[in-house]
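# Chain and residue survey
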Amino acid sequence: MTQDLDAWLGGSIMARRGVGGGRAGARHALTVAAQGGFHYVYGPYAKPTLTIAPGDVVAVETEDAFGGVITRESDRPTQLLNFPYLNPQSGPIVVEGAEKGDCLAVYIHDVEARGAQPAGTTCIMPEFGGLVGNGNLLNPPLPERVRKMHVDRDGVRWSDRITLPYEPFIGTIGVSPEIEAISSLQPDYHGGNMDLPDVAPGAVIYLPVHTPGGYLYVGDCHATQGDGELSGVAIEQRATATLQIDLIKGWSFPWPRLETRDFIMTIGSARPLEDAARIAYRELVRWMSSEYGFDEIDAYMLLSQAGRMRLGNMVDPKFTMGASILKRYLTP
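What you see is a predicted model, and the numbers here were worked out from it, not measured in a lab.

## A few points about the overall build of the chain
- Within the chain, the regular secondary structure consists of six helices and 23 strands.
- Scaling as 2.2 N^0.38, a compact globule of 332 residues should have a C-alpha radius of gyration of about 20 Å, and the chain matches this with 19 Å.
- Across its three principal axes, the chain shows a C-alpha extent of roughly 55 × 45 × 40 Å.
- Among the 332 residues that make up the chain, the fraction classed as buried is 55%.
- Only carbon and sulfur atoms are counted for the fraction: they give 53% of the accessible area of the chain, which is about 14300 Å².

Here it is, written out as structure tokens:
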């Protein structure tokens, strides 16, 4: 965690409207031992692992997307992984006072790799990814391949020649739906497996509450990832995610929102990809209209010139897009 990441937080929506006022409250640790069993669905039926007050800070130990079972480059994922028990989630964390019609505001202080090196894992799995066929096609599947690499704050050592920057983020984060139990592999209106690199240290993600307590789940941290998560797998890592979790009363919306020092973003997940983009841009138009004084048509026209679109994933059961605009265009 660095001061320059945190400096803008005092002027954020979370600080201005949150019950905790953007101030860090009590600190908690949700370790793997305290978690016990991980969860593979987002829903209101699990027993909470932790209850906190708005503004409290939680250091959450997460497992990697494979459940930690891929340990060597000679491993074959299809022999070790038990689909659909992938993408294990820590939580749920209950926030006191959260109820339907509110939203959780989660400021990401830090995401730090944990565990023995090589701490990063990526792989190719047959019939999975953005450039392969699936089981409905005649083409043969790609061969399995695993790559393990050293990961720390100095970078991701892809090879002797290439070191990628350490740009960590939370691949899967969200709240419980009101009644459904949704796989942790799928993104939707509740958040989930969005694989959006902007959900990173220095950002606040806003998640509308659907069930009492909110029931926040988190997991699937990445050391780095390109737009789209093209092969279906990022640099997966075990991590400790440090989160400041606040509550905003009476503020709700259909899809997750995100704020950084420089921009606001709305997030949509759907198939086909253009529907995810349409959801994200529609929600941004509505946000600009309801809270920043824009006529909807004027916001629509401005986004055509100044909007930016981020591709989270194009490989999950639903694809994820984030539509954003710089804050400097929103100042009255």
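## Concerning the sheet that holds strand β6 (residues 103-113)
- Strands sit in the order β1-β4-β19-β6-β16-β20-β21-β23-β22 across an open sheet of nine strands; the sheet is mixed. Strands at the two margins of the open sheet, each flanked by one partner only, are β1 (27-30) and β22 (308-313). Taking each pair of neighbouring strands and ignoring which way they run, the sheet shows an average axis angle of 25°.
- Two strands pair when backbone bridges link them, and strand β21 (residues 263-270) and strand β23 (residues 319-326) are joined in this way by eight bridges, in the antiparallel orientation. Bridged to I267 within β23 is G322.
- Sheet strands touched by helix α5 (residues 273-291): β20 (257-259), β21, β22 and β23. Its angle to β21, the strand with the most contacts, is close to 140°.

## Focus: the sheet that holds strand β11 (residues 163-164)
- Ordered by their spatial adjacency, three strands build an open sheet running β9-β10-β11, and the pairing between neighbours is antiparallel. Edge positions in the open sheet fall to β9 (151-152) and β11, since each of these has one partner strand only.
- Sheet topology note: the strand β10 (residues 155-157)/β11 ladder contains two bridges and is antiparallel. Bridging from a neighbouring strand, V156 pairs with L164 of β11.

## Focus on the nonpolar core
- With 41 residues, the main nonpolar core has I93, L104, I170, I173, L216, L243 and I245 as its most contacted residues.
- If we skip the residues at most four places from it in the chain, I170 touches I108, V111, V199, V218, G219, D220, C221, A241 and L243.
- With 24 residues, the next largest nonpolar core counts F253, L284, W287 and F294 among its residues.

## Some details on helix α6 (residues 296-306)
- Along α6, the positions that sit buried rather than exposed are A299, L303 and A306. Along the long axis of α6, the arc covered by the buried residues comes to 85°, so they all point the same way. Projecting away from the buried face of α6 at angles above 90 degrees are the exposed residues I297, Y300, M301, S304 and Q305.
- Those residues of α6 that are buried are in contact with α5, β22 and β23.
- Where α6 begins, the side chain of D295 points an oxygen toward the backbone nitrogen of I297, at a separation of 2.9 Å.

## Some details on the layout of surface pockets
- Within this model, the largest pocket holds a volume of roughly 690 Å³.
- For the lining of the largest pocket, the per-class residue count stands at 16 nonpolar, eight polar and seven charged.

## Brief notes about the side chain of S269
- As for its position among the elements, S269 is in strand β21.
- Only 2.8 Å separates the side chain of S269 from the side chain of T320, close enough to count as a polar contact.
- Setting aside residues up to four positions removed in sequence, S269 forms contacts with P187, D188, M194, W255, A276, I279, K318, F319 and T320.

## Some thoughts on the pairing of β22
- The pairing of β22 with β23 spans five bridges and is antiparallel. Considered in β23, the bridge of R310 is made with G322.
- Connecting β22 to the antiparallel partner β23 that follows it, the hairpin turn spans five residues.

## Focus: the pattern of salt bridges
- What the rule picks out here adds up to 19 salt bridges.
- Two residues, E99 and K249, come together in a salt bridge whose shortest N-O distance is 3.0 Å. Within this pair, whereas E99 is found in the loop between β5 (89-95) and β6, its partner K249 is found in the loop between β19 (239-248) and β20, the two being separated by 150 residues in sequence.
- Look at K249 and you get partly exposed, because its relative accessible area is 39%.
- K327 serves as the salt-bridge partner of E259, at 2.8 Å between the closest nitrogen and oxygen.

## Details of a nonpolar patch on the surface
- Nonpolar side chains collect at one region of the surface, where I297, Y300 and M301 lie side by side and expose about 370 Å² of accessible area between them.
- Along the chain, Y300 turns up in helix α6.
- Taking relative accessible area as the criterion, Y300 reaches 57% and is therefore assigned exposed.

## Thoughts on the state of the cysteines
- Taken as a whole and assessed by the stated rule, the structure comprises zero disulfides.
- Considering cysteine sulfurs only, C123 is the nearest to C221, which forms no disulfide, with 17 Å between them.

## Brief notes about the packing of aromatic side chains
- Applying the stated criterion across every chain yields a total of seven aromatic pairs.
- Ring centres of Y42 and Y217 lie 4.7 Å apart, and the angle between their planes is 40°; this geometry places the pair in the tilted category. With Y42 in strand β2 (residues 41-42) and Y217 in strand β17 (residues 216-222), this pair connects stretches of sequence that are 175 residues apart. As far as the burial class goes, Y42 and Y217 line up, both buried.
- Judged by centre distance (4.8 Å) and plane angle (70°), the ring pair of W251 and F253 falls under edge-to-face. You'll find W251 and F253 in the same group, each marked buried.
- Through pairs of rings, three or more aromatic residues link up here, namely Y206, W251, F253, W287 and Y292.
- Looking at R17, its charged tip hangs above the ring of W251, at a distance of 4.7 Å from the centre.
- Between the NZ or CZ atom of R147 and the centre of the ring of W158, over which it lies, the distance is 4.1 Å.

Here is what the cut-offs are and how they apply
Residues numbered from 1 in each chain as written. Predicted model: local features only at pLDDT ≥ 70, side-chain atom pairs only at ≥ 80, totals over all residues. Heavy atoms only, no water. Helix = DSSP H or I, 4+ residues; strand = E, 2+ residues; numbered from the N terminus. Rg over C-alpha atoms; globule rule 2.2 N^0.38 Å. Buried < 20%, exposed > 50% of the residue type's maximum accessible area, 1.4 Å probe, protein only. Areas by Shrake-Rupley, 256 points an atom, 1.4 Å probe, with all protein chains shown as cover. Pairing = 2+ DSSP bridges. Axes fitted to C-alpha atoms, helices over the stretch in contact; angles between N-to-C directions. Contact = heavy atoms within 4.5 Å. Core = buried A, V, L, I, M, F, W, Y, C linked by side-chain atoms within 4.5 Å. Arc of directions from axis to C-beta. Polar contact = N/O pair within 3.5 Å; in protein donor to acceptor, adjacent residues only side chain to side chain. 1 Å grid on protein atoms, 1.4 Å probe; cavity = no way out; pocket = protein on both sides within 12 Å on 5 of 7 lines; lining within 4 Å. Points joined across faces, edges and corners; volume = space filled by probe spheres on them. Nonpolar A, V, L, I, M, F, W, Y, C, P; charged D, E, K, R; others polar. Salt bridge = Lys/Arg side-chain N within 4 Å of Asp/Glu carboxyl O. Patch = residues over 30% accessible without salt bridge, like charges linked within 9 Å, V, L, I, M, F, W, Y side chains within 5 Å. Disulfide = S-S within 2.5 Å. Phe/Tyr/Trp six-rings, centres within 6.5 Å; stacked < 30°, edge-to-face > 60°. Lys NZ or Arg CZ within 6 Å of the ring centre and 35° of its normal.

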